Amino acid sequence: MKKLINDAETVVDEMLDGMVAAYPDTVRRLPDTQVLVRDSAPVDDKVAVVSGGGSGHEPTHAGYLGEGMLDGAAAGEVFTSPTADELEAMVDACDSGAGVLLVIKNYEGDVMNFETAGEMVEMEGTEVAEVVVDDDVAVEDSLYTSGRRGVCGTILVHKAAGAKAAEGADLDEVQRVAHKVVNNVGTMGMALTSCVTPEKGEPTFDLGEDEIELGIGIHGEPGVERTEAMSADEITEELTEAVLDDLELDAGQEVVTIVNGMGGTPQMELFVVNRRLQELLGERDIETWDAWVGDYMTSLDMAGCSITVCAVDEELKALLGAPAETPALTVR
Amino acid sequence: MSPESDAAAAAVAAVENVADRIETEREHLTDLDSAIGDADHGGNMARGWQAAAEAVTDLDSPTVEAVVKTAGKTLLSEVGGASGPLYGGSLVFASAELSDGLTAESAVAFAETYLEKVQDRGDAKVGDKTMIDALVPAVHTFKKSVETDDLPPLDALAKAVAAAEHGVAFTVPIRAAKGRASYLGWRSVGHQDPGATSTLYIMEELLATAADHLDQVVPSVDATSPTIPDGEATEE
C-alpha cells in the first residue's frame, strides 16, 4: 500500500512539526513531547480545556487548538493513547491556575492515562475535572472500551466547553456544559473500506467490493454488522435511525448535526448523505439549527462517514455558535 | 553503607532483575496475550522495564521511594496503553508509602496502596481474569503473614508469591470479564492471563532480590492457604 510517509516510526513526530509550520501563530509544540498547545497557553484566568488521543484522527485533536476551543492537544502514536507523562506535561503547560478540564474519549487506554495524569497533577496542586465522551450508539462494549466509544460528538464537547471557558466560567461550569453535550449527543459510523495504518501497511480488515461495515469506530476495528453495499440514502437511513432511536427526541426539538468523513471520502458524498439526513429529520419534525459537513474526526484513509446528532437548547446554541478560531474550525 | 542506601541499592537491583526476567519471558507473555488480547504485552513490558532499569541506575542519591517512583514514571511513559497506568501509575502512587524507608509495615502499606490503585484504575475484581487475580491473594497473604502471623518479612513475601502463583493458575479455567479478553467470552477459557503472569514474575524477582539482599535462601513455604478477604471472590 502506497503512503506519503517517510517512516512509520517517525510519522507522528513529522506530522506535528508540519502542523506547527503550517500554523506558527496558532500552535506550538512542547519540547520533547508530542503535545501541541495553543500559542497563547496558558491563558490568564481562563479554565483550560485539553484533550488528546491516538493519532490518525486528524484534524482531531490539534486541529481544534485555539480561541474558543482547546488549549492543549496530546498526540499518541497512531491509534494509541498518549502516555500519562505527556498528558501531565500538557496540563502543566495549559493551566493558568484556574483549573483544567480533561476531555477524554471513552477508550480504556485513554481513560487510564488521563486519570493517572489527573491524579499526578492534583498531587502538585493543580485543579482538574474530567468528562468522558461516549457518543457511539453502535456498541455497548467494544474491543477497545468498556461502555460506548467516544467518537465525533467529542468535537461538540470541545466547542461547547471551549466557549464556556472563553466566557470566563469556572471549572465546574465548564465541566457542566461538557456533560450536557455528552448527555445529548449520539453518533454512528460506517465504512466502505478499511483504513491502512502506517505501521501495518495493509488494511486492518478485509471488505469485499460489494460489502460495507455498519457501526465502526475510528480505529479500523470492524463494525457491528457487515452488509451488502447500499445506496447513500439507505446508509443514511440506517445510521440516522440508530442515532435517533438512541436519543429519543421529541418533535420540535432543535439539533446540531455532523456528517463526518472518515478521511477517504469526498465532500460530494458527504453532502449527498447530509441531504438525506436533513430530509429524515424533517420527516420526524426535528429542526436542524446547524448542520456541519466535513472531515472532523477521521480514521486515516478509511472511506465512509459517521452521523452525529446533538439536541440543543438556548445555552448549547449560544456556546456552539460562539466564535472560534482554530486550524480546523472557524466560527464567526 | 547506611541501611537506607543499602535498601535503595536492593531496590535498584530488584528493578534490574525484573527487567531481565521480563526480557527472558518476553515471547511467552506475548504468546499469552496473542491468545486472548492484542499481542503486545511482552514487548511493551520488556521495553518499559528495560528503560526503568536504566533510569533507576542513573539516580544520583537513590532512596527506596525514589527508585520505585522513577521506575513507575518510566513505565508510564514507555509502556503506554492500559498497562502503563496499571503497572507504572500504581507504582508512582504507592511509592509515597516508602517515604520513611523500607520496613515490614511500610511494605504492607505499599502493597495495599498498589493494589488499591490497580483496582481503582482497572475496575476489575477477583474472577475477572486479570492481574487482580494474582495481586489480591498476594497482597492479602502478605498483610496477614506480617500483621497476624508475625512471620519474618522474607517468609511473608515468599507466601505472597505462592499466593500469586495460585492466582495465576486460577485465571486459566475462568472466563474473562474485564479487559480485551472479555470480548472473547467463553473463548477466553483455558488461557492463562498475561497480566497476572507478568505480575507473578515481578513478585518472584522481588522475592529473589530480597533473599539475595538479606543473604538468605528463598524460604520454602506452605502455599496451600492463600488468603483473600471475604466478598472478593465472585460467583457467576
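Residues numbered from 1 in each chain as written. Chains lettered and ligands numbered in written order. Predicted model: local features only at pLDDT ≥ 70, side-chain atom pairs only at ≥ 80, totals over all residues. Heavy atoms only, no water.

**Concerning the overall build of chain B**
- Of regular secondary structure, chain B possesses 9 helices and 0 strands.
- Starting at the N terminus and walking to the C terminus, you meet the elements of chain B as α-α-α-α-α-α-α-α-α.
- Here the C-alpha atoms of chain B give a radius of gyration of 17 Å, agreeing with the 18 Å that 2.2 N^0.38 yields for 236 residues.
- For chain B, the spread of C-alpha atoms along the three principal axes comes to 55 × 40 × 30 Å.
- Counting the 236 residues in chain B, one finds 52% classified as buried.
- Taking as baseline every contact in chain B between residues at least 6 positions apart, the subset at least 24 positions apart corresponds to 67%.
- Just so you have it, chain B exposes about 10,400 Å², and 50% of that area is on carbon and sulfur atoms. (Helix = DSSP H or I, 4+ residues; strand = E, 2+ residues; numbered from the N terminus. Rg over C-alpha atoms; globule rule 2.2 N^0.38 Å. Buried < 20%, exposed > 50% of the residue type's maximum accessible area, 1.4 Å probe, protein only. Contact = heavy atoms within 4.5 Å. Areas by Shrake-Rupley, 256 points an atom, 1.4 Å probe, with all protein chains shown as cover.)

**Some thoughts on the sheet that holds strand β1 (residues 27-29) of chain A**
Residues and elements named next belong to chain A.
- Read from one edge to the other, the open sheet built from 6 strands follows the order β1-β2-β4-β3-β5-β6, with strand pairing classed as mixed. Edge positions in the sheet fall to β1 and β6 (128-133), since each of these pairs with one other strand and no more. The average angle at which neighbouring strand axes cross in this sheet is 25 degrees, direction not considered.
- Bridge count for β1 against strand β2 (residues 35-38) is 3 bridges, and the pairing is antiparallel. Within β2, the position partnered with arginine 29 by the bridge is leucine 36. (Pairing = 2+ DSSP bridges. Axes fitted to C-alpha atoms, helices over the stretch in contact; angles between N-to-C directions.)

**A look at the environment of isoleucine 5 of chain A**
Residues and elements named next belong to chain A.
- Mapping isoleucine 5 onto the fold places it in the segment before α1 (11-22).
- As a C-alpha pair, isoleucine 5 and serine 194 span 189 residues in sequence and 19 Å in three-dimensional space.
- Look past the residues within four positions of isoleucine 5 in its chain and what remains in contact with it is Val11 and Pro198.

**Thoughts on empty space enclosed by the protein**
Residue and element names in this part refer to chain A.
- In the structure shown here, the tally under the stated rule is 2 cavities of 30 Å³ or more.
- There is about 110 Å³ of room inside the largest cavity.
- Lining the largest cavity are 17 residues, with Glu58, Thr60, His61, Ala62 and Ala75 sitting closest to its centre.
- At the level of elements, α1, β3 (48-55) and β4 (72-78) are the ones that each hand at least two residues to the lining of the largest cavity.
- Val151, Thr187, Ile218, Met262 and Ser306 are, among the 13 residues lining the second largest cavity, the residues nearest its centre.
- Top element by residues in the lining of the second largest cavity is strand β7 (residues 185-191). It accounts for 3 residues.
- Across the lining of the second largest cavity, the residue classes break down as 7 nonpolar, 5 polar and 1 charged.
- Two domains each donate at least three residues to the lining of the second largest cavity, and these are domain 1 (10-183) and domain 2 (185-331). (1 Å grid on protein atoms, 1.4 Å probe; cavity = no way out; pocket = protein on both sides within 12 Å on 5 of 7 lines; lining within 4 Å. Points joined across faces, edges and corners; volume = space filled by probe spheres on them. Nonpolar A, V, L, I, M, F, W, Y, C, P; charged D, E, K, R; others polar. Domains from an automatic or database assignment.)

**Topic: the pattern of salt bridges**
All names here are of chain A.
- What the rule picks out here adds up to 37 salt bridges over all chains.
- With its nearest N and O atoms 3.1 Å apart, the salt bridge here joins arginine 275 to aspartate 233. Of this pair, arginine 275 sits in helix α7 (residues 267-283) while aspartate 233 sits in helix α6 (residues 232-247); the two residues are 42 residues apart in sequence, bridging distant segments of the chain.
- Put simply, arginine 332 and glutamate 325 hold a salt bridge, and the shortest N to O gap is 3.9 Å.
- Among the residues examined, glutamate 325 registers a relative accessible area of 41% and is labelled partly exposed.
- Through salt bridges with shared partners, a single network forms among Lys164, Glu167, Glu173, Arg176, Lys180, Asp313 and Glu315. (Salt bridge = Lys/Arg side-chain N within 4 Å of Asp/Glu carboxyl O.)

**Remarks on the packing of helix α3 (residues 41-57) of chain B against helix α9 (residues 194-213) of chain B**
Residue and element names in this part refer to chain B.
- At their nearest, the axes of α3 and α9 sit 11 Å apart, and the two run at 30 degrees to each other. Judged by the angle between their axes, α3 and α9 are roughly parallel. Between α3 and α9 the crossing geometry is right-handed. Counted together, His41, Met45 and Trp49 of α3 and Pro194, Gly195, Ser198 and Ile202 of α9 form the full contact between these two elements.
- For the contact of α3 with α9, the residue count by class is 4 nonpolar, 3 polar and no charged. (Parallel < 35°, antiparallel > 145°, perpendicular 65-115°, else oblique. Left-handed = near helix turned anticlockwise from the far one by under 90°.)

**Quick look at the state of the cysteines**
Residue and element names in this part refer to chain A.
- Taken as a whole, this structure holds 0 disulfides over all chains when the rule is applied.
- There is no disulfide at cysteine 310, and the cysteine sulfur nearest it, in cysteine 152, is 11 Å away.
- The exposure class assigned to cysteine 310 is buried, which follows from its relative accessible area of 0%. (Disulfide = S-S within 2.5 Å.)

**Some thoughts on the packing of aromatic side chains**
- By the definition in use, this model includes 2 aromatic pairs over all chains.
- On the basis of an interplanar angle of 40 degrees and a centroid distance of 5.6 Å, the ring pair of tryptophan 292 of chain A and tyrosine 296 of chain A is categorised as tilted.
- Taking the relative accessible area as the measure of exposure, tryptophan 292 of chain A reaches 7% and is therefore buried.
- The ring of phenylalanine 93 of chain B carries the charged tip of lysine 117 of chain B above its face, separated from the ring centre by 4.6 Å. (Phe/Tyr/Trp six-rings, centres within 6.5 Å; stacked < 30°, edge-to-face > 60°. Lys NZ or Arg CZ within 6 Å of the ring centre and 35° of its normal.)

**Focus: the interface of chain A and chain B**
- Residue-level contacts link 19 residues of chain A with 17 residues of chain B.
- Both sides together, the interface formed by chain A and chain B hides about 1,600 Å², and carbon and sulfur atoms give 59% of it.
- In terms of surface lost to chain B, no three residues of chain A exceed Met112, Thr116 and Glu119 of chain A, which account for 31% of the buried area on that side.
- At the boundary of chain A and chain B, one finds 3 salt bridges.
- Linking chain A to chain B there are 4 residue pairs in polar contact (both at pLDDT 80 or more).
- Those elements that provide at least two residues to the side of chain A that touches chain B are α2 (84-94) and α3 (108-123) of chain A.
- With 9 residues, the single largest contributor to the side of chain A that touches chain B is α3 of chain A.
- Of the residues belonging to the side of chain A that touches chain B, the class tally is 6 nonpolar, 7 polar and 6 charged. (Buried area = accessible area lost by both parts, 1.4 Å probe. Polar contact = N/O pair within 3.5 Å; in protein donor to acceptor, adjacent residues only side chain to side chain.)

**Focus on the side chain of histidine 61 of chain A**
- Relative to the helices and strands, histidine 61 of chain A is located in the loop between β3 and β4.
- A polar side-chain atom of histidine 61 of chain A sits 3.5 Å from the main-chain carbonyl oxygen of glycine 52 of chain A.

**Section: a negative patch on the surface**
All names here are of chain A.
- There is a patch of like negative charges on the surface, built from Glu209, Asp210, Glu225, Glu228, Glu234, Glu238, Glu241, Asp245 and Glu248.
- Those elements that provide at least two residues to the negative patch are β9 (225-228) and α6.
- Here the negative patch takes 4 residues from α6, the largest share from any one element.
- Mapping aspartate 210 onto the fold places it in the loop between β7 and β8 (211-214). (Patch = residues over 30% accessible without salt bridge, like charges linked within 9 Å, V, L, I, M, F, W, Y side chains within 5 Å. Lys, Arg positive; Asp, Glu negative; His and termini not counted. Charge placed at Lys NZ, Arg CZ, Asp CG, Glu CD.)

**Concerning the UniProt feature "domain: DhaK" (unreviewed entry) in chain A**
- Per the UniProt record, the feature "domain: DhaK" (unreviewed entry) sits at residues 7-329 of chain A.
- Between the C-alpha atoms that bound residues 7-329 of chain A the distance is 29 Å, and the span itself is 32% helix and 23% strand. (UniProt positions renumbered as here; feature names shortened; annotations may be inferred.)

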